[in-house]
Amino acid sequence: MLVLVAPGQGAQTPGFLTPWLDLPGVEDRLRAWSDAIDLDLIHYGTKADEEEIRDTAVAQPLLVASALISARQLFATADAVAAQVGAAAGHSVGELAAAALAGTVSDEAAMKLVRRRGQAMAEAAAVTETGMAALLGGDEAVVIPHLEQLGLTPANVNGAGQIVAAGTAEQIAALVENKPEGTRRVVPLKVAGAFHTHHMAPAVSALESATTQLSVADPLTRYVSNKDGQLVSSGQELVQRLVGQVANPVRWDLCMETFKELGVTALIEAAPGGTLTGLAKRALPGVQTLALKTPDDLDAARTLIAGHADNAAPAE
């Protein structure tokens, strides 16, 4: 059974869209999306430096565009996804790409929504200097109380020994100086806010307004939600979860538990892949993984799909 996933913020690197522009139709599609959302995706994805693409309002549309561009090379339509993919999910902003791939919203609608999401979260982040840091290793029962003592939120519980803390710049600095017992490293992330915490509450109402006129359909393949790792079969509920998720923790650990329960045998991560496949290698032993980093990975992905798409099923 094949799972298709899309990465979240922090996965972007300067120039990461460049090789995808060589594929037929990609440049035209990116230009159309750029016009629709008033953001030059080609410039930011090929020429902008690390600081420019760290901007939340830029990074989020770039990541969703990249995930859609790369996944559409393998699955041209939501029907194609439904025929070959057993479950779809995205990490944080990647949920919007997954929603489009599953057929709940159109690709263009996902781009417009992620543009507003990025702007709203950037505005919320500007109120207070905040950030996030990944803790590698350590026992969850030790790490989470330690974070709470420092006033931090476990914003991403990613499984495989990784928890991401979020809070003010001072709180993150205190964590770096005083890491929990058993934690190997604390790594500040390339994000500009304390996402998935109460600091993002102002962005929720902005997203609610942005979804009032959204055309929504039920997902055509199983959709696994960041909120609790549960399957969501209603398009309206899926969108409601997308809205609320900006101010609530991501439970990627529970998503991977659901993949396991569904009988996952292979996992493909859309571009810029690497983060989620890394987690899957540790948490889902025996599952074949493939990260779409450049178009050179597409042939291997097609081979993987051919060997693991037999058990794809419609949404339940």
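These notes cover the structure that comes with them. Everything quoted here is computed from the prediction, not taken from an experiment.

## Details of the pattern of salt bridges
According to the stated counting rule, one finds eight salt bridges in the structure shown. For the salt bridge of Glu27 with Arg31, the shortest nitrogen-to-oxygen distance reads 2.6 Å. Placement of both Glu27 and Arg31 in helix H1 (residues 26–37) is noted, with a separation of four residues, approximately one turn of the helix. On the basis of relative accessibility, which here comes to 33%, the residue Glu27 falls in the partly exposed class. The partner of Glu237 in a salt bridge is Arg241, and the shortest N-O contact between them spans 3.0 Å. Of this pair, Glu237 and Arg241 both sit in helix H11 (residues 235–245), four residues apart, which is roughly one turn of that helix. Residue classification places Glu237 among the partly exposed positions, given a relative accessible area of 33%. Assessed through its relative accessible area of 15%, Arg241 is described here as buried. Each of Asp228, Glu237 and Arg241 takes part in salt bridges that share partners, so that together they form one network.

## Side note on the sheet that holds strand S5 (residues 162–168)
Reading across the sheet, the four strands line up as S4-S5-S3-S6 and stay open at both edges, with antiparallel pairing between neighbours. The open sheet terminates on both sides in strands that have one partner only, identified here as strand S4 (153–159) and strand S6 (185–188). In this sheet, neighbouring strand axes are inclined to one another by 25° on average, regardless of whether the strands run parallel or antiparallel. Two strands pair when backbone bridges link them, and strand S3 (residues 130–136) and S6 are joined in this way by four bridges, in the antiparallel orientation. Each residue of the ladder has a partner; that of Ala134, found in S6, is Val187.

Conventions adopted
Residues numbered from 1 in each chain as written. Predicted model: local features only at pLDDT ≥ 70, side-chain atom pairs only at ≥ 80, totals over all residues. Heavy atoms only, no water. Salt bridge = Lys/Arg side-chain N within 4 Å of Asp/Glu carboxyl O. Helix = DSSP H or I, 4+ residues; strand = E, 2+ residues; numbered from the N terminus. Buried < 20%, exposed > 50% of the residue type's maximum accessible area, 1.4 Å probe, protein only. Pairing = 2+ DSSP bridges. Axes fitted to C-alpha atoms, helices over the stretch in contact; angles between N-to-C directions.

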